[in-house]
Amino acid sequence: DAGVTQSPTHLIKTRGQQVTLRCSPKSGHDTVSWYQQALGQGPQFIFQYYEEEERQRGNFPDRFSGHQFPNYSSELNVNALLLGDSALYLCASRAGGETQYFGPGTRLLVL
Amino acid sequence: RKEVEQDPGPFNVPEGATVAFNCTYSNSASQSFFWYRQDCRKEPKLLMSVYSSGNEDGRFTAQLNRASQYISLLIRDSKLSDSATYLCVVSLIKAAGNKLTFGGGTRVLVKP
């Protein structure tokens, strides 16, 4: 049983560029959440998707957008990248229960 | 004020010793509480949920004090493999979702 998978594992972009990160949830899970973890800090909630809709959003600007597909996989898009967007981006999935399982993350470096 | 606050540490612990640390949360409406463990450059993994009655899982004991709004984690007989960052997590369940709010983490270093 595959857990949560994310791609790519690492990414280097320059300021102003756009990036798309991908997440496949754990089998049987229908809800996907995205978190941003800056170095030395705890993860910060970006948004959550369920039934292909954004259900809840954290304090992130509109440059951060997402999508969920019918197979429950999800994408996180970030436009107009800033140096401060450099972080580990984590995807977490869950089924009806509360326990969220995290993927290995995508490390994004903005130069 | 941060929603979830933790002492960042590091807590330097001799192997075999006991270590305990807390976190505090600001939203009294928080409904679910967890400890996650995160190894260096890895994803967070659920260590244990925290219940009002307190709960134990092997060498790990978690306590919740709703009146004072803090959560504690105690590790007995520390192993070298317990070296990690421990993230305190609270959840406010809404009809629309249940985002997890993380503390900044407490770093624990177990030394021989």
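This text follows the structure it describes.
If you're wondering where the values come from, they're calculated on a predicted model, not measured in any experiment.

Turning our attention to the sheet that holds strand S3 (residues 19-24) of chain A. Residue and element names in this part refer to chain A. In space, the 4 strands of this open sheet follow the order S1-S3-S8-S7, with antiparallel pairing throughout. This sheet does not close on itself; its edge strands, each paired only once, are strand S1 (5-7) and strand S7 (64-68). Recorded for the sheet is a direction-independent mean angle of 20° between the axes of neighbouring strands.

Residues and elements named next belong to chain B. What the rule picks out here adds up to 2 disulfides over all chains. The partner cysteine of Cys23 in its disulfide is Cys88, sulfur to sulfur 1.8 Å. Here Cys23, found in strand S3 (residues 19-25), pairs with Cys88, found in strand S9 (residues 84-91); they are 65 residues apart in sequence, far enough to count as distant. Considered together, Cys23 and Cys88 belong to a single accessibility category, that of buried residues.

This next bit is on the sheet that holds strand S8 (residues 70-75) of chain B. Residue and element names in this part refer to chain B. Taken in spatial order, the 5 strands make up an open sheet running S1-S3-S8-S7-S6, and their pairing is antiparallel. Pairing within the sheet leaves two strands with one partner each, and these edge strands are strand S1 (4-6) and strand S6 (55-57). Here the strands of the sheet are splayed against their neighbours by 20° on average, with no regard to which way each runs. Bridge count for S3 against S8 is 6 bridges, and the pairing is antiparallel. What sits directly across from Cys23, in S8, is Ile71.

About the thresholds
- Residues numbered from 1 in each chain as written.
- Chains lettered and ligands numbered in written order.
- Predicted model: local features only at pLDDT ≥ 70, side-chain atom pairs only at ≥ 80, totals over all residues.
- Heavy atoms only, no water.
- Pairing = 2+ DSSP bridges.
- Helix = DSSP H or I, 4+ residues; strand = E, 2+ residues; numbered from the N terminus.
- Axes fitted to C-alpha atoms, helices over the stretch in contact; angles between N-to-C directions.
- Disulfide = S-S within 2.5 Å.
- Buried < 20%, exposed > 50% of the residue type's maximum accessible area, 1.4 Å probe, protein only.

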